[in-house]
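Residues per chain are reported as follows:
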Amino acid sequence: MPPMRLLDDTMCFVCGPNNPMGLHLEFWEEGDRYHTRFTPQPHHTGYGGILHGGLLTAVLDEVMGRFLWAQGIRAATAQMEVRWRRSARIGEPLECVGWVEETRGRRIRCAAEARTASGDLVARASGAFMVMSEATLQAEEKAG
């Protein structure tokens, strides 16, 4: 199987500006943290009035992984766990923040949180990201 090429085709569900069904979230860096804001809309519902957990999981994954890419680290999610503290309500703005906790060789452990405007913790994620090998990066460059 040929190596997978990771290209930004601007269609990412979470941040892609050209995905007509996407969330179109914007991100910014503050020190050693990466941020985004997300206000769930009615079409993001899982149960009546509550955000679908998979959507917030995608946002938490993005705030961790995108932070690595913003630092020039080409890595992909290898494992992720989310712990919920409470439901996120439709129309309730959420601040999502991600950071790096530990680097060991090609494995980087990251964490992220989603909080309400009043600071209540909605969910916390942890993830293991694998840095792409030199062979994969070279194959990607050759494929152009």
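Criteria and thresholds
Residues numbered from 1 in each chain as written. Predicted model: local features only at pLDDT ≥ 70, side-chain atom pairs only at ≥ 80, totals over all residues. Heavy atoms only, no water. Salt bridge = Lys/Arg side-chain N within 4 Å of Asp/Glu carboxyl O. Buried < 20%, exposed > 50% of the residue type's maximum accessible area, 1.4 Å probe, protein only. Helix = DSSP H or I, 4+ residues; strand = E, 2+ residues; numbered from the N terminus. Pairing = 2+ DSSP bridges. Axes fitted to C-alpha atoms, helices over the stretch in contact; angles between N-to-C directions. Contact = heavy atoms within 4.5 Å. Phe/Tyr/Trp six-rings, centres within 6.5 Å; stacked < 30°, edge-to-face > 60°. Lys NZ or Arg CZ within 6 Å of the ring centre and 35° of its normal.

**Remarks on the pattern of salt bridges**
Here is step 1 of the chain: For the structure shown, the criterion picks out 9 salt bridges.
Here is step 2 of the chain: Linking Glu 102 and Arg 104 is a salt bridge whose minimum nitrogen-to-oxygen distance equals 3.3 Å.
Here is step 3 of the chain: Judged by its relative accessible area of 37%, Glu 102 falls in the partly exposed class.
Here is step 4 of the chain: Here Arg 115 ties to Glu 113 by a salt bridge, and the two come within 3.0 Å at their closest N and O atoms.
Here is step 5 of the chain: Residue classification places Arg 115 among the partly exposed positions, given a relative accessible area of 31%.

**Looking at the pairing of strand β8 (residues 121–131)**
Here is step 1 of the chain: Of all 11 residues in β8, 8 are buried; the element is thus mostly enclosed.
Here is step 2 of the chain: Examined bridge by bridge, strand β5 (residues 75–84) and β8 share 9 bridges and lie antiparallel to one another. Across the sheet, the residue bridging to Val 82 is Ala 125, located in β8.
Here is step 3 of the chain: Between strand β7 (residues 107–116) and β8, which pair antiparallel and follow one another directly, the connecting turn spans 4 residues, one of which, Gly 119, has a positive phi of 95°.

**With respect to the sheet that holds β8**
Here is step 1 of the chain: With antiparallel pairing, 6 strands are arranged side by side in an open sheet as β1-β2-β6-β7-β8-β5. With one partner strand each, in any of the chains shown, β1 (27–30) and β5 form the two edges of the open sheet. Averaged over all pairs of adjacent strands, the angle between their axes in this sheet comes to 25°, without regard to strand direction.
Here is step 2 of the chain: Of the strand pairs in this sheet, β7 and β8 are connected by 9 bridges, and their pairing is antiparallel. Bridge assignment links Ala 112 to a residue of β8, and that residue is Ala 125.
Here is step 3 of the chain: Docked against the sheet, helix α1 (residues 53–70) engages β1, β2 (33–38), β5, β6 (94–104), β7 and β8, running at close to 140° with respect to β5.

**A look at the packing of aromatic side chains**
Here a ring pair, both rings aromatic, is described through the centre-centre distance and the interplanar angle of the planes.
Here is step 1 of the chain: Taken as a whole and assessed by the stated rule, the structure comprises 2 aromatic pairs.
Here is step 2 of the chain: Taken together, a centroid distance of 5.8 Å and an interplanar angle of 15° make the contact between Phe 27 and Tyr 34 stacked.
Here is step 3 of the chain: Relative to Phe 67, the ring of Tyr 34 has its centre 5.3 Å away and its plane inclined at 15°; by these criteria the two rings are stacked. Of this pair, Tyr 34 sits in strand β2 while Phe 67 is found in helix α1, placing the two residues 33 residues apart along the sequence.
Here is step 4 of the chain: For Tyr 34, a relative accessible area of 6% gives the class buried.
Here is step 5 of the chain: Grouping aromatic residues by their ring pairs yields a cluster made of Phe 27, Tyr 34 and Phe 67.
Here is step 6 of the chain: Geometry around Trp 99 places Arg 33 over its ring, the cationic atom sitting 4.5 Å from the centre.

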